[in-house]
Amino acid sequence: MKILVIQQKMIGDVLISSIICNNLRVAYPNSQIDYLVYSSTTPVLEGNSSIDNIILFEEKHRKSKKELLNLGLQIRKEKYDLLIDAYSKLESWILVLLSNAKRKISYKKSGRNFLYTDNVPFEPFPKTNLGLAIERRLSLLEPLDLKIKIDPIPKLFVSEKENLEAVALFEKHNVAKNRKTVMISLLGSEKLKTYPLEFMSKVVDYVADTADVNILFNYFPKQLEEAKTVFNACKPSTQSKIYFDLLGGDLRSFIGLMNQCNLIIGNDGGAINMAKALKKPSFIIFSPWVEKKIWATFEDGIHHLSVHLKDYRPDLFEQKNEKMLKKEALSLYQEFKPEFFEKKIKLFLTQNLSFTVK
């Protein structure tokens, strides 16, 4: 059997949708499983034996109708038996239409159900603590009635070489070996998904005041000034615990570094999802316009906790849809005071670092 899974989106989405491939591999061990994704997301798929071929959706496919058509014809030549579209937007609809796959599965959406042989309800509320992001992906497997135990956990694979390189980087920066290490997901993928920098510095202070730990900042070189803003606003006692210049050179090296850390705290995004796939505890600060019920995956009140402004100020969300919330995100962020969840961060640290709170 030849199978194609489509998820042309960002790192977190691609990593989570890889659970479709993982479960298909168990159910159909001799099948060919291909995965269509953005080229920028492929590092999170390295080492995953559930995927035979990665098909790249590149910028040229977005900008040029001819290139998109060529990609669709390339997919058609593969003669896939099964196609699962986890993206389900215009670009993937065109590819699905051209694919001529025997069986095509996606979410039920008005106006395009004719493209698929199986249309799965797009559930509005989670049924478990897996979160909607996981549950919706797994629902795409339901029409297949797989006779296996479904594994809902995304996987990241770190090589021994990558682990050794991360250890060497820790040693190069003289990271204290007698302390546990906390990664801070300092900045979101955009400003509307980034907790205000002056507030984030207080969060980092909470971590340093609560536990005697090493602190790493996760940021891209182009975000250096924002990272410095947070660092400079932290207390001197906090700054002494931060290894500011300890950064990975690329996404794989970040994964190696994260694998050496004990937990992650900060903005929702790819870094959090990668940490979870490495089985690291997580504390997420959600943007006011992002729905917590979707991305608060594996929330158990112990190893995975999250906070949202709506938890503390539900009045600010009355009669407002996602579009309105996104427009007001920056002003709503200013209402999301770090003091709201100071105790919750301390609880998270005590539960996952095994010490008595100060």
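Residues numbered from 1 in each chain as written. Predicted model: local features only at pLDDT ≥ 70, side-chain atom pairs only at ≥ 80, totals over all residues. Heavy atoms only, no water.

A.B. asks: Can you walk me through the overall build of the protein chain in this structure?
C.D. replies: The helix and strand inventory of the protein chain stands at 16 helices and 11 strands. For 358 residues, the compact-globule estimate of 2.2 N^0.38 gives 21 Å, and the C-alpha radius of gyration of the protein chain, at 21 Å, lies within 12% of that figure. On the principal axes, the C-alpha backbone points of the protein chain span a range of 60 × 50 × 40 Å. Counting only residues that meet the buried cut, the protein chain has 53% of its 358 residues in that class. Partitioning the contacts of the protein chain with sequence separation of at least 6, the portion at a separation of at least 24 is 64%. For the protein chain, the exposed area adds up to about 16800 Å²; of that, 54% sits on carbon and sulfur atoms. Side-chain charges of the protein chain comprise 53 positive and 42 negative groups, with the mean position of each set lying 3 Å from the other. (Helix = DSSP H or I, 4+ residues; strand = E, 2+ residues; numbered from the N terminus. Rg over C-alpha atoms; globule rule 2.2 N^0.38 Å. Buried < 20%, exposed > 50% of the residue type's maximum accessible area, 1.4 Å probe, protein only. Contact = heavy atoms within 4.5 Å. Areas by Shrake-Rupley, 256 points an atom, 1.4 Å probe, with all protein chains shown as cover. Lys, Arg positive; Asp, Glu negative; His and termini not counted. Charge placed at Lys NZ, Arg CZ, Asp CG, Glu CD.)

A.B. asks: Looking at this structure, how should I read the packing of aromatic side chains?
C.D. replies: Within a pair of aromatic rings, the relevant descriptors are the distance that separates the centres and the angle that separates the planes. Summed over all chains, the structure comprises 14 aromatic pairs. Between the aromatic rings of Tyr195 and Phe341, the centroid separation amounts to 5.9 Å while the plane-to-plane angle is 55°, which identifies the pairing as tilted. Taken together, the residues Tyr195 in the loop between β7 (181-185) and α7 (197-210) and Phe341 in the loop between α15 (329-333) and α16 (342-353) connect sequence positions 146 residues apart. Owing to a relative accessible area of 0%, Tyr195 belongs among the buried residues under this scheme. Between Phe217 and Phe244, the ring centres sit 6.0 Å apart and the planes meet at 70°, which makes this aromatic pair edge-to-face. Here Phe244 lies in the loop between α9 (236-239) and α10 (251-260) and Phe217 lies in strand β8 (residues 214-218), a separation of 27 residues in the sequence. In this structure, Phe217 and Phe244 share a single accessibility class: buried. Three or more aromatic residues joined by ring pairs make a cluster, and in this case those are Tyr195, Phe199, Phe283, Tyr312, Tyr333, Phe336, Phe340, Phe341 and Phe348. (Phe/Tyr/Trp six-rings, centres within 6.5 Å; stacked < 30°, edge-to-face > 60°.)

A.B. asks: I'm lost on the sheet that holds strand β5 (residues 103-107) in this one. Help?
C.D. replies: Paired through their backbone hydrogen bonds, the strands of a sheet run either parallel or antiparallel. With parallel pairing, the 6 strands of this open sheet are ordered in space as β3-β2-β1-β4-β5-β6. The sheet is open, and its two borders are formed by β3 (53-57) and β6 (118-120), each paired with just one other strand. Between one strand axis and the next, the sheet turns through 15° on average, direction left out of account. With 3 bridges joining them, β5 and β6 adopt parallel strand pairing. Each residue of the ladder has a partner; that of Tyr107, found in β6, is Val120. (Pairing = 2+ DSSP bridges. Axes fitted to C-alpha atoms, helices over the stretch in contact; angles between N-to-C directions.)

A.B. asks: Sorry if this is basic, but what is going on with the nonpolar core here?
C.D. replies: For soluble globular proteins, the rule of thumb is that nonpolar side chains tend to be buried together. Residues Ile84, Phe217 and Ile265 are the most contacted members of the largest nonpolar core, which totals 105 residues. Aside from chain neighbours lying at most four places away, what touches Phe217 is Met183, Ile184, Leu186, Val204, Ala227, Val230, Phe231, Ile242, Phe244, Leu246 and Leu247. Ranked by size, the runner-up nonpolar core spans 17 residues in total, among them Tyr87, Leu95, Ala101 and Tyr116. (Core = buried A, V, L, I, M, F, W, Y, C linked by side-chain atoms within 4.5 Å.)

A.B. asks: Please explain the pattern of salt bridges as it appears in this structure.
C.D. replies: Any two side chains of opposite charge can pair, so long as their charged atoms come close to each other. Applying the stated criterion to the full structure yields 23 salt bridges. Put simply, Glu291 and Lys293 hold a salt bridge, and the shortest N to O gap is 3.3 Å. What you see here is one network of salt bridges that share partners, running through Glu46, Glu162 and Arg252. (Salt bridge = Lys/Arg side-chain N within 4 Å of Asp/Glu carboxyl O.)

A.B. asks: I keep staring at the packing of helix α1 (residues 11-27) against helix α5 (residues 132-139) and nothing clicks. Help me out?
C.D. replies: Remark: α1 packs on α5, axes separated minimally by 9 Å, with the N-to-C direction vectors making an angle of 35°. Once α1 is placed against α5, the crossing between them reads as right-handed. On α5, the residues touching Asp13, Ile16, Ser17, Ile19, Ile20 and Asn23 of α1 are Ala133, Ile134, Arg137 and Leu138. Class assignment for the residues of the contact of α1 with α5 results in 6 nonpolar, 2 polar and 2 charged. (Left-handed = near helix turned anticlockwise from the far one by under 90°. Nonpolar A, V, L, I, M, F, W, Y, C, P; charged D, E, K, R; others polar.)

A.B. asks: Even after reading the chapter, I still don't get the pairing of strand β10 (residues 282-285), so can you show me in this structure?
C.D. replies: Each regular strand carries side chains that alternate between the two faces of the sheet. Of the two faces of β10, the one carrying Ser282 and Ile284 and the one carrying Phe283 and Ile285 are both buried. The pairing of strand β9 (residues 263-267) with β10 spans 4 bridges and is classified as parallel. Pairing of Ile265 across the sheet is with Phe283, part of β10. Regarding the hand of the β-α-β motif, the stretch spanning β9, helix α11 (residues 270-277) and β10 is right-handed. (Right-handed = clockwise from strand over helix to strand, strands pointing away.)

A.B. asks: Would you explain the sheet that holds β9 in this entry?
C.D. replies: The parallel open sheet is built from 5 strands, whose spatial order is β8-β7-β9-β10-β11. One side of each edge strand has no neighbouring strand; the edge strands of this open sheet are β8 and β11 (304-307). Sheet twist, expressed as the average angle between the axes of neighbouring strands with direction ignored, equals 15°. For β7 and β8, the ladder comprises 5 bridges, and the chain directions are parallel.

A.B. asks: What is the right way to read the environment of Val182 from this model?
C.D. replies: Turning to its location among the elements, Val182 is positioned in strand β7. Judged by its relative accessible area of 0%, Val182 is buried. Val182 sits 34 residues away from Leu216 along the chain, and the two C-alpha atoms are 6.3 Å apart. Dropping the residues within four chain positions of it, Val182 is found in contact with Val207, Val213, Asn214, Ile215, Leu216, Leu263, Ile265 and Leu353.

A.B. asks: Explanation requested: the packing of α7 against helix α8 (residues 224-233) in the structure shown.
C.D. replies: Two quantities define a packed helix pair, namely the angle between the axes and the distance from one axis to the other. For the pair α7 and α8, interaxial distance at closest approach is 8 Å and the crossing angle is 50°. What the angle tells us is that α7 and α8 run oblique. Considering how the two elements wind past one another, α7 and α8 form a crossing that is right-handed. Where α7 approaches α8, its residues Leu197, Met200, Ser201, Val204 and Asp205 are matched on the opposing element by Glu226, Thr229, Val230 and Ala233. (Parallel < 35°, antiparallel > 145°, perpendicular 65-115°, else oblique.)

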